[in-house]
Amino acid sequence: MKSAYFPQAWFKFIPRFFVFVVLFSVPAVLPFTLPAFGACDDISGDWDYSDDGTVRCSGGGDTYKDDVSDSGTITIEQDGCTVSWDAGYDASRNGSIKGRSIKVSGECAVALVDGVDFTKNTYTANGTIKGDKITLRGKGKASGSYEGIRFSCTVKDTVVLTRSSSEEEDGE
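Residues numbered from 1 in each chain as written. Predicted model: local features only at pLDDT ≥ 70, side-chain atom pairs only at ≥ 80, totals over all residues. Heavy atoms only, no water.

Peer 1: Is there a simple way to think about the overall build of the protein chain in this case?
Peer 2: Of the regular secondary structure elements, the protein chain holds 1 helix and 10 strands. Written out in order from the N terminus, the α and β elements of the protein chain read β-β-β-β-β-β-β-β-β-β-α. Of all 172 residues assigned to the protein chain, the portion counted as buried reaches 38%. For the protein chain, contacts bridging at least 24 residues in sequence account for 63% of all contacts bridging at least 6. Summed over its atoms, the accessible surface of the protein chain is roughly 9,400 Å², and 49% of this surface lies on carbon and sulfur atoms. (Helix = DSSP H or I, 4+ residues; strand = E, 2+ residues; numbered from the N terminus. Buried < 20%, exposed > 50% of the residue type's maximum accessible area, 1.4 Å probe, protein only. Contact = heavy atoms within 4.5 Å. Areas by Shrake-Rupley, 256 points an atom, 1.4 Å probe, with all protein chains shown as cover.)

Peer 1: Looking at this structure, how should I read the sheet that holds strand 2 (residues 45-59)?
Peer 2: The pairing of strands in a sheet comes from backbone hydrogen bonds and takes either a parallel or an antiparallel form. Overall, antiparallel pairing links the 8 strands, which are arranged 2-3-4-5-6-8-9-10 in a closed barrel. For this sheet the average axis-to-axis angle between neighbouring strands, irrespective of direction, equals 25°. Relative to strand 5 (residues 91-98), strand 4 (residues 82-88) runs antiparallel, the two sharing 6 bridges. Looking at strand 5, one finds that S84 is bridged to N94. (Pairing = 2+ DSSP bridges. Axes fitted to C-alpha atoms, helices over the stretch in contact; angles between N-to-C directions.)

Peer 1: Explain the nonpolar core here, please?
Peer 2: As a rule of thumb, nonpolar side chains are buried together in soluble globular proteins. Counting residues in hydrophobic clusters, the biggest one holds 28 residues, and the most contacted among them are V83, I102 and L161. Looking at this core, the element that brings in the most residues is strand 10 (residues 149-163), giving 5 residues. (Core = buried A, V, L, I, M, F, W, Y, C linked by side-chain atoms within 4.5 Å.)

Peer 1: Looking at this structure, I do not really get the packing of aromatic side chains. What am I missing?
Peer 2: Remark: the centre distance and the inter-plane angle together describe each pair of aromatic rings, the angle taken between the planes. The full count for this structure, using the stated rule, is 1 aromatic pair. Residues F118 and F151 carry aromatic rings whose centres are separated by 6.0 Å and whose planes lie at 90° to one another, so their mutual orientation is edge-to-face. Of this pair, F118 sits in strand 8 (residues 116-130) while F151 sits in strand 10, and the two are 33 residues apart along the sequence. Judged by relative accessible area, F151 falls into the buried class, the value being 3%. (Phe/Tyr/Trp six-rings, centres within 6.5 Å; stacked < 30°, edge-to-face > 60°.)

Peer 1: Sorry if this is basic, but what is going on with the side chain of S145 here?
Peer 2: Within the element layout of this structure, S145 appears in strand 9 (residues 133-146). Apart from the residues lying within four places of it in its own chain, the contact partners of S145 are G115, V116, D117, R150 and F151.

Peer 1: Help me understand unusual backbone geometry in this model?
Peer 2: With the exception of glycine, most residues fall at negative phi, and the peptide bonds are largely trans. Even without being a glycine, Y89 presents a positive backbone phi close to 55°. As for its placement among the helices and strands, Y89 is situated in the loop between strand 4 and strand 5. Exposure remark for Y89: the relative accessible area of 41% places this residue in the partly exposed category. Phi is positive for E147, close to 50°, though the residue is something other than glycine. Note that E147 resides in the loop between strand 9 and strand 10.

Peer 1: When you look at the environment of D86 in this model, what are you seeing that I'm missing?
Peer 2: With respect to the secondary-structure elements, D86 resides in strand 4. Sequence-wise, D86 and T75 are 11 residues apart; in three dimensions their C-alpha atoms are separated by 7.5 Å. Residue contacts for D86: discarding those within four places in its chain leaves I74, A91 and S92. Looking at D86, its side chain comes within polar contact range of the main-chain nitrogen of G88, at 2.7 Å. (Polar contact = N/O pair within 3.5 Å; in protein donor to acceptor, adjacent residues only side chain to side chain.)

Peer 1: Is there a simple way to think about the pairing of strand 8 in this case?
Peer 2: Walk down a regular strand and you will see the side chains alternate between the two sheet faces. Pairing analysis gives 6 bridges linking strand 6 (residues 101-106) to strand 8, with the strands arranged antiparallel. Bridge pairing in strand 8 places S101 opposite T128. Bridge count for strand 8 against strand 9 is 14 bridges, and the pairing is antiparallel. If you follow K120 over to strand 9, its bridge partner there is S143.

Next comes the structure, spelled out in structure tokens:
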């Protein structure tokens, strides 16, 4: 049985902590081409994502584990090798591309009520860009207190991004 003090009621894990993106475009001259030194694939635009993970929390004498899942569409903004997008709940993801690797970070959770005091609230994900698909593996930690009750939560997830079909149709 869950206590009324359980942290899950105080804040929301950002469903798109882990939504990440990539599109890789290369000339069709060779079977594969490496990007020029310092160049980054263009991953800007709309991406469909699926996110599956596990949240584990303890607080107020209770422990909690939940499998979480989310899907939808995000819009990636890109400036050179720097990427960002809106993760929902007034949170964002910011990161960079290096070769075929992508790394993003941001907040792990957002408060749903006043009085939640996070002492730690971080999320990072690393992934690989393979054509119109990006796979990211992320982890995060949110800890702090609410009304004097301390809590600590961890998140692990896998996010798969694919270029939205509407983007492909617009580009034809």
